[in-house]
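# Understanding the architecture of this molecule
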Amino acid sequence: MDFITYEQEGFVGVITINRPKALNALNSGVLDELNSCLDAIDLETTRALILTGAGEKSFVAGADIAEMSTLTKAEGEAFGKKGNDVFRKLETFPIPVIAAVNGFALGGGCEIAMSCDIRICSDNALFGQPEVGLGITPGFGGTQRLARLIGAGKAKEMIYACANVKADEAKALGLVNAVYTQEELLPAAKKLAGKIAKNAPIAVRACKKAINDGLDAPMDEAIVIEEKLFGSCFETEDQREGMGAFLEKRKVEGFKNR
Ligand code: DAK
């Protein structure tokens, strides 16, 4: 791959978008490779993912403006679909994805971070949706996910006025869970991913699905979604081991993902 690197450390996979000459901007090549990378992940052995950007300046500086500048309407739609499909794949990926936002997260960069389950960032991170200044709307779900995450009023201010927010404000808004120094960011992401990976993988996946699917449903339906996923954990080896360990007053012997 030219623009994506993937490393596996135990149960945790780290995907790095690596296109430093354009501050990791998302062109078609990056989106295609990200798609292939996700498809190739072994879900038997991987329990959490981290998504980050190469370098110390930028997570992702948006969709590639040079590539987009000459698109026709039909090509623009096709590019939008390519991005949306990958972002949705990340959002619904069976295992949790942590965005370690190590700098600029603008436009498509902010949008890809919002497609992840959890966001943490470095103290030099900058979040924003500058699209209306370029004559377009956010195209990879920004109008939808930002408003759901931080509320419509602040999302509208950020989007209408191209009002970027720095790391501390992003934390105050709930856009990120925590802020670290650049050096601390990846270790913190790995620590969090490691904690997730220690827990029963089938149950963690069921929680992701329950939260995501439930958020889109009325409460009566959402509770049924949870009930079914709760039920699906029973008779698994990991449920037997988790409850058995508690009752026998011993530590879990390592969940098996079975
Ligand atoms: N695209 C392409 N190249 C980019 C880029 C981007 N988004 N951002 C940076 N670069 C390139 C610069 O052109 C420059 O290249 P060279 O001139 O060296 O060849 C290099 O990266 C370094 O950038 P700067 O020299 O500008 O670095 P600075 O530190 O001075 O400034 C910056 C950093 C991030 C503040 C600045 O580069 C900047 O403002 N970049 C653009 C940020 C931005 O506006 N991003 C949002 C892009 S729009 C859709 C689907 C999705 C989208 C739209 C529609 N459809 C449904 C069709 C999404 C749109 C977007 O994301």
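Up top is the structure these notes are about.
The notes below deal with the structure included here. (Residues numbered from 1 in each chain as written. Predicted model: local features only at pLDDT ≥ 70, side-chain atom pairs only at ≥ 80, totals over all residues. Heavy atoms only, no water.)

### Focus on the sheet that holds strand 9 (residues 165-166)
In spatial order, the strands read 4-6-8-9; together these four strands make up an open sheet with mixed pairing. Because the sheet does not close on itself, it has two edges, and the strands there are strand 4 (58-60) and strand 9. Across three bridges, the pairing between strand 6 (residues 104-106) and strand 8 (residues 126-128) is parallel. In the sheet register, Ala 105 faces strand 8, and the bridge partner there is Phe 127. (Pairing = 2+ DSSP bridges. Helix = DSSP H or I, 4+ residues; strand = E, 2+ residues; numbered from the N terminus.)

### Concerning the pattern of salt bridges
In this structure the tally under the stated criterion is 14 salt bridges. With a closest N to O distance of 2.7 Å, Glu 91 and Arg 88 form a salt bridge. Within this pair, Glu 91 and its partner Arg 88 are both found in helix 3 (residues 73-91), separated by three residues, close to a single helical turn. Overall, the relative accessible area of 19% leaves Glu 91 in the buried class. The partly exposed category is assigned to Arg 88, whose relative accessible area is 43%. Residues Arg 250 and Glu 241 are paired through a salt bridge, measuring 2.8 Å at the closest nitrogen-oxygen approach. Judged by relative accessible area, Glu 241 falls into the buried class, the value being 16%. (Salt bridge = Lys/Arg side-chain N within 4 Å of Asp/Glu carboxyl O. Buried < 20%, exposed > 50% of the residue type's maximum accessible area, 1.4 Å probe, protein only.)

### Concerning the pairing of strand 1 (residues 4-9)
Note: strand 1 against strand 2 (residues 12-17), six bridges, orientation antiparallel. Looking at strand 2, one finds that Glu 7 is bridged to Val 14. Hairpin connection from strand 1 to strand 2: two residues lie between these consecutive antiparallel strands, with Gly 10 at a positive phi of about 60°.

### Focus on the side chain of Thr 46
Within the secondary structure, Thr 46 sits in the loop between helix 1 (28-40) and strand 3 (48-53). At a separation of 3.2 Å, a polar atom in the side chain of Thr 46 contacts the side chain of Gln 8. A polar side-chain atom of Thr 46 sits 2.8 Å from the main-chain carbonyl oxygen of Asp 42. (Polar contact = N/O pair within 3.5 Å; in protein donor to acceptor, adjacent residues only side chain to side chain.)

### Quick notes on a nonpolar patch on the surface
A surface patch of nonpolar side chains, amounting to about 260 Å² of accessible area, comprises Ile 65, Leu 134 and Ile 136. Tracing the chain through its elements places Ile 65 in helix 2 (residues 65-68). (Patch = residues over 30% accessible without salt bridge, like charges linked within 9 Å, V, L, I, M, F, W, Y side chains within 5 Å. Areas by Shrake-Rupley, 256 points an atom, 1.4 Å probe, with all protein chains shown as cover.)

### Considerations on the site of the ligand
Taken together, 23 residues sit near the ligand, with Lys 57, Ala 61, Ala 63, Ile 65 and Gly 108 positioned nearest. Within the backbone of Lys 21, one N or O atom sits 3.4 Å away from an oxygen atom of the ligand. Between Ala 63 and the ligand, the recorded distance is 2.7 Å, taken from a backbone N or O atom to an oxygen atom. Out of a free accessible area of 1100 Å², the ligand has 61% covered by protein chains. (Near = heavy atom within 4 Å.)

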